[in-house]
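Architecture at a glance
Residue-level listing of the chains:
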Amino acid sequence: MKILFDIKHPAQLNLFKGISKELQEENWEVTICYLQRGKLPGIIKKEYPGFNTVPVGSSNGTKWSILWHGNIKRTLAFLDLIKKENYNICVAASSIPLALACKIAGIPVIQFYDDPERKRINRINASLSSQLFFPPIVEKNNKVSVFNCLKEWSYLSPNRFNPAERTLNQYKLAPYEYIFVREVSNKSFNYYNQQDGIISSFAGKINANTKVILSLEDKSYAERYPKHWTILQEPVEDIHSLIYYSRMVISSGDSMAREGAMLGVPSIYCGMRKMKANELLMQAGLLQHLPGESALPVINKGLNEIFDQEKQSGTRNRLLQQWDDMTIFMKEQINRYKS
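Residues numbered from 1 in each chain as written. Predicted model: local features only at pLDDT ≥ 70, side-chain atom pairs only at ≥ 80, totals over all residues. Heavy atoms only, no water.

Things to note about the overall build of the protein chain
Applied cut-off: Helix and strand assignments come from DSSP, with helices taken as H or I runs of at least 4 residues and strands as E runs of at least 2, each series counted from the N terminus. In this setup the radius of gyration rests on C-alpha atoms only. A globule is expected at 2.2 Å times the number of residues raised to 0.38. Any residue under 20% of the maximum accessible area for its type is buried, any over 50% is exposed, and the rest in between are partly exposed; the area is computed with a 1.4 Å probe on protein chains only. In this description, contact between two residues means that some pair of their heavy atoms is separated by no more than 4.5 Å. Each accessible area is a Shrake-Rupley estimate made with a 1.4 Å probe; only the visible protein chains count as cover when residues are assessed.
Across its full length, the protein chain carries 12 helices and 13 strands. Here the protein chain has a C-alpha radius of gyration of 20 Å; the compact-globule value for 339 residues is 20 Å, and the two agree. Structurally, the protein chain occupies a C-alpha span of about 60 × 45 × 40 Å along its principal axes. Buried residues in the protein chain amount to 56% of all 339 residues. Long-range contacts, defined here as pairs at least 24 residues apart, represent 60% of the contacts in the protein chain between residues at least 6 apart. Carbon and sulfur atoms form 49% of the exposed surface of the protein chain, whose accessible area is close to 15200 Å².

Structure below.
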């Protein structure tokens, strides 16, 4: 059996890591396709050793590049690859180019996504895909089904992830004595309408005695942040252990804010987008959405509080009991197309 996974954004890197390894161990021929964008190619090579990895399309962040190189040319490249390799099934997280190529080639494609706000994109994906899967934040129909968790749970569940305290050593950090900050670039499609460098606008007002680890997507912004902040250099080994042992996560991007929440760390999303996936965690008291500088008072107040490790463990165990194992769920759906 042959399967193709498409990864076009760093937030999708880990979604398919577990399932691709398990399928490979079961003698599936697994191909990992990726968009040539930013640091993604280098991270793919590090995170997917031993796999057949194939670059398909590119994007430099401009609207023209996203349309021409990241969509039109990418669709044609997928079509050539699919016809050449004759895959049994393709899998993605919202990839219209792959879905269109599969539709033309008559190959089943299933997708796992968590952003129902992209209504036009989702309608296109649903019409082209065999099935489109979301967390329990949408209404089901003949083309749209539901999995009972958020997609980040596929790699953050206690069954899938064990934090490694030794990861902190290279940064000379102690558990729960630093905060983790993620600043996304507004050059990607998801954040085009968002102010650039949101956290940089109030970074200097965060308690100056706080140790900060900064995951900065666009390194050209580096001078905007306090000198004592440590800027990570990608690819980062075991970034989720760095998040797990932080005392707080602050992110202008939605994915890492959710990751922090699922790791049981007090997490603040300070971006502008309102998302149902975030609301699922907000309703559970695991995530706060405080756009821009409105997050600052909550951040500084939280830095004066003692980190509750028992609460962290309790949060993760509760989610483990309530939610699906995402990797098992994906494998069940993939096996439906076994011939």
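Some details on a positive patch on the surface
Basically, it comes down to this: Candidates for patches are residues over 30% relative accessible area with no salt bridge; among them, like charges are joined within 9 Å and nonpolar side chains (Val, Leu, Ile, Met, Phe, Trp, Tyr) within 5 Å. Every case where a carboxyl oxygen of Asp or Glu lies within 4 Å of a side-chain nitrogen of Lys or Arg is listed as a salt bridge. Charged-residue counts in this description rest on Lys and Arg as positive and Asp and Glu as negative, His and the chain ends being excluded. Throughout, a charge is located at the NZ atom of Lys, the CZ atom of Arg, the CG atom of Asp or the CD atom of Glu.
On the surface, Lys119, Arg120, Arg123 and Lys276 cluster together into a patch of positive charge. If one sorts the elements of the positive patch by residue count, helix 5 (residues 119–128) sits on top with 3 residues. Note on placement: Lys276 falls in helix 9 (residues 276–283). Classification of Lys276 by relative accessible area gives partly exposed; the value is 40%.

Looking at the nonpolar core
Put simply, the rule is: Here, nonpolar core means buried Ala, Val, Leu, Ile, Met, Phe, Trp, Tyr and Cys residues that are tied together by side-chain atoms lying within 4.5 Å of each other.
Among the nonpolar cores identified, the biggest contains 63 residues, and Ile3, Phe5, Phe16, Phe112, Phe180 and Ile334 are the most heavily contacted of them. Not counting residues up to four positions away in its chain, the partners in contact with Phe5 are Phe16, Ile19, Ser20, Leu23, Val30, Thr31, Ile32, Cys33, Val91 and Ile334. Formed by 22 residues, the second largest nonpolar core is a distinct cluster that contains Phe202, Ile250, Leu290 and Leu296.

With respect to the packing of aromatic side chains
We count it as follows: Each aromatic pair joins two rings of Phe, Tyr and Trp (for Trp, the six-membered one) with centres within 6.5 Å, and gets the label stacked for planes under 30 degrees apart, edge-to-face for over 60, and tilted for any other angle. Think of it as a cone above the ring: NZ of Lys or CZ of Arg counts as a charge over the ring if it is within 6 Å of the ring centre and within 35 degrees of the ring normal.
A full pass over the atoms with the stated rule returns 14 aromatic pairs. One aromatic cluster is present, built from ring pairs that chain together Phe161, Tyr176, Tyr244, Tyr245 and Phe307. Above the ring of Tyr87, the side-chain terminus of Lys2 is found at 5.6 Å from the ring centroid.

Topic: the environment of Leu286
Structurally, the position occupied by Leu286 is in the loop between helix 9 and strand 13 (287–289). Each C-alpha atom of the pair Leu286 and Ile107 lies 39 Å from the other, and the pair is 179 residues apart in sequence. Among all residues touching Leu286, those that are not within four sequence positions of it are Ala261, Val265, Ser267, Leu281, Thr315, Arg318 and Leu319.

Looking at the sheet that holds strand 2 (residues 29–36)
What counts, and what does not: By the convention used here, strands pair only if DSSP detects at least 2 bridges between them. Where helices are involved, their axes are fitted lines through C-alpha atoms of the stretch in contact, as for all axes, and angles between N-to-C directions lie from 0 to 180°.
Taken together, 7 strands build an open sheet; the order of strands is 3-2-1-4-5-6-7 and the sheet is parallel. The open sheet has two free edges, formed respectively by strand 3 (52–58) and strand 7 (144–146), since each of these has just one partner strand. Mean inter-strand twist for the sheet, computed between neighbouring axes without regard to direction, equals 25°. With 3 bridges connecting them, strand 6 (residues 131–134) and strand 7 associate as parallel partners. Looking at strand 7, one finds that Phe134 is bridged to Val146. Seen against the sheet, helix 2 (residues 40–47) touches strand 1 (2–7), strand 2 and strand 3 and runs at an angle of roughly 160° to strand 2.

Thoughts on helix 12 (residues 326–335)
Residues lying three or four places apart along an α-helix face the same way, a consequence of the helix completing one turn every 3.6 residues. Summarising burial for helix 12: 7 of the 10 residues are buried, a large majority. Within helix 12 the residues assigned to the buried category are Met326, Thr327, Phe329, Met330, Lys331, Gln333 and Ile334.

Observations regarding the packing of helix 1 (residues 17–25) against helix 12
Put simply, the rule is: Angle categories are assigned with fixed cut-offs, so that under 35 degrees is roughly parallel, over 145 is roughly antiparallel, 65 to 115 is roughly perpendicular, and the rest are oblique. Each crossing gets its handedness from the near helix: less than a right angle anticlockwise from the far helix is left-handed, clockwise is right-handed. In this classification, the charged set is Asp, Glu, Lys and Arg, the nonpolar set is Ala, Val, Leu, Ile, Met, Phe, Trp, Tyr, Cys and Pro, and all remaining amino acids, among them Gly, are polar.
Here helix 1 crosses helix 12 at 55°, and the two axes come no closer than 9 Å. Judged by the inter-axis angle, helix 1 sits oblique to helix 12. For helix 1 against helix 12, the interelement crossing comes out right-handed. Between helix 1 and helix 12, the contacting residues are Gly18, Ile19, Glu22 and Leu23 on the first element and Thr327, Met330, Lys331 and Ile334 on the second. Looking at side-chain class alone, the contact of helix 1 with helix 12 contains 4 nonpolar, 2 polar and 2 charged residues.

Here we look at the sheet that holds strand 8 (residues 178–183)
The 6 strands are arranged 10-9-8-11-12-13 in an open sheet whose pairing can be described as parallel. Looking at the sheet topology across the chains shown, the edges are occupied by strand 10 (230–231) and strand 13. Strand direction decides the pairing type here: strand 11 (residues 248–251) and strand 12 (residues 267–269), joined by 3 bridges, are parallel. Bridged to Ser251 within strand 12 is Tyr269. Sitting on the sheet, helix 8 (residues 254–262) touches strand 8, strand 11, strand 12 and strand 13, and the angle it makes with strand 12 is about 160°.

Some thoughts on the pairing of strand 3
Across a regular strand the side chains alternate sides, sitting on one face of the sheet and then on the other. Put simply, the rule is: Crossover handedness is defined here as right-handed if the route from the first strand over the helix to the second strand goes clockwise, with the strands pointing away from the viewer.
Bridge count for strand 2 against strand 3 is 5 bridges, and the pairing is parallel. Opposite Tyr34, over in strand 3, you have Pro55 as the bridge partner. In this fold, the crossover linking strand 2 to strand 3 by way of helix 2 has right-handed handedness.

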